[in-house]
Amino acid sequence: LVRLVNDLHTLSMADLGALPCEFSDADAAVVLERAARRCEPRLQKAGLALALRMGPPAAVRWDVGRIGQLLTNLLENSLRYTTAPGQVRVQWSLVPQGSELRVDDTPPGVAVEQLDQLCEPLFRADTARQRTTGGSHGSGLGLAICRAIVQAHGGTLRAEASPLGGLAVVARL
């Protein structure tokens, strides 16, 4: 209940354009690898292999805590909705517009007509991507929070079909 209240508060602050962020200089590769490695034991326990494809060291000005929250939320999404045995791939690279963080997972995927709605608060995809056993399906707020964090960093977030057969979420920062 506390997590749900905190998530709703985060979204409310983002809607007001006041998502609290404390920007500092950091190395993108280090920040993202640390955040991914923190989630790795839970992924493995659920039968999901984590594959990291980290780009080169790169100086960024990010709220390191919020970017950690972003990646954790994306990995939690894969953890909740990817069928085991499966794979979750985290890829970070430099692109002409800045940097790109991409999280891909294996099936099931999301229907093409639902991809644009995934980041809307409280939206839940159809049952094809929901686990029927093993716990919570989440609140439908995680990807909306991800979008708010990315927007607070001047970026964009989109969902698309993954070449691995599941979902890909791509953050441009």
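The residue count restarts for each chain, going from 1 along the sequence in the order it is written. Confidence filtering applies because this is a predicted model: local features only for residues at pLDDT of at least 70, side-chain atom pairs given and counted only at 80 or more, and all residues used for totals across whole chains, interfaces and linings. Note: side-chain values were computed over all heavy atoms of the structure, leaving out hydrogens and water.

A. How the structure looks around the confidence of the model for the chain. pLDDT runs from 0 to 100 and stands for how confident the predictor is about each residue. Here the chain shows a mean pLDDT of 86. Residues at 70 or above account for 79%. When the criterion is pLDDT under 50, residues 127-135 qualifies, and its contacts beyond four places in sequence or with other chains add up to 25 contacts. Two residues form a contact once any of their heavy atoms are found within 4.5 Å.

B. Geometry of the sheet that holds strand β5 (residues 98-105). Paired strands are those between which DSSP finds at least two bridges. Each helix corresponds to a stretch of at least 4 residues labelled H or I by DSSP, and each strand to a stretch of at least 2 residues labelled E; elements are numbered beginning at the N terminus. The sheet built from five strands is open, its strands ordered β2-β4-β5-β7-β6 with mixed pairing. Both edges of this open sheet fall to β2 (48-53) and β6 (156-161), since each of them pairs with a single strand only. Sheet twist, expressed as the mean angle between neighbouring strand axes with direction ignored, is 15°. In this sheet, strand β7 (residues 167-172) lies alongside β5 in antiparallel orientation, the contact comprising five bridges. Looking at β7, one finds that Glu100 is bridged to Arg172. Every angle, taken between N-to-C directions, lies between 0 and 180 degrees, and every axis is a line fitted to C-alpha atoms, over only the stretch in contact when it is a helix. Relative to β5, helix α3 (residues 64-81) is tilted by about 20°, and along the sheet it contacts β2, β4 (86-95), β5 and β7. Strands β6 and β7 of the sheet are contacted by helix α4 (residues 142-152), whose axis makes an angle of about 135° with β6.

C. Highlighting the nonpolar core. With 43 residues, the main nonpolar core has Trp62, Leu70, Leu71 and Leu75 as its most contacted residues. When residues of this core are assigned to their parent elements, the largest contribution, eight residues, is made by helix α2 (residues 28-45). Residue contacts for Leu70: discarding those within four places in its chain leaves Leu101, Cys146, Ile149, Val150 and Ala171. By nonpolar core we mean a set of buried residues, namely Ala, Val, Leu, Ile, Met, Phe, Trp, Tyr and Cys, connected to one another through side-chain atoms within 4.5 Å. Per-residue accessibility, obtained with a 1.4 Å probe over protein chains only, is compared with the maximum for each type, and a residue is labelled buried under 20%, exposed over 50%, and partly exposed between these values.

D. Spatial organisation of the environment of Ala171. With respect to the helices and strands, the residue Ala171 is situated in strand β7. Here Ala171 falls in the buried class, since its relative accessible area comes to 0%. A C-alpha to C-alpha distance of 8.3 Å links Ala171 and Arg147, two positions 24 residues apart in sequence. Every residue in contact with Ala171, bar those within four places of it in the chain, is listed here: Leu70, Ser99, Glu100, Leu101, Val150, Thr156 and Leu157.

E. Structural context of the side chain of Arg66. Its place among the elements puts Arg66 in helix α3. Two N or O atoms form a polar contact when they lie within 3.5 Å of each other; inside protein one atom must be a possible hydrogen donor and the other a possible acceptor, and for residues adjacent in sequence the pair counts only when both atoms belong to side chains. At 2.9 Å, the side chain of Arg66 and the side chain of Gln69 are in polar contact.

F. The arrangement of the pattern of salt bridges in detail. Here, a salt bridge means any side-chain nitrogen of Lys or Arg that lies within 4 Å of a carboxyl oxygen of Asp or Glu. Under the definition given, this model contains 10 salt bridges. A salt bridge links Arg37 to Glu33; the nearest nitrogen and oxygen atoms lie 3.6 Å apart. Taken as a pair, Arg37 and Glu33 lie in helix α2 at a separation of four residues, close to a single helical turn. According to the relative accessible area criterion, Arg37 is partly exposed, its value standing at 39%. By relative accessible area, Glu33 is classed as partly exposed at 34%. A salt bridge links Arg158 to Glu160; the shortest N-O distance between them is 2.9 Å. By relative accessible area, Glu160 is classed as partly exposed at 23%.

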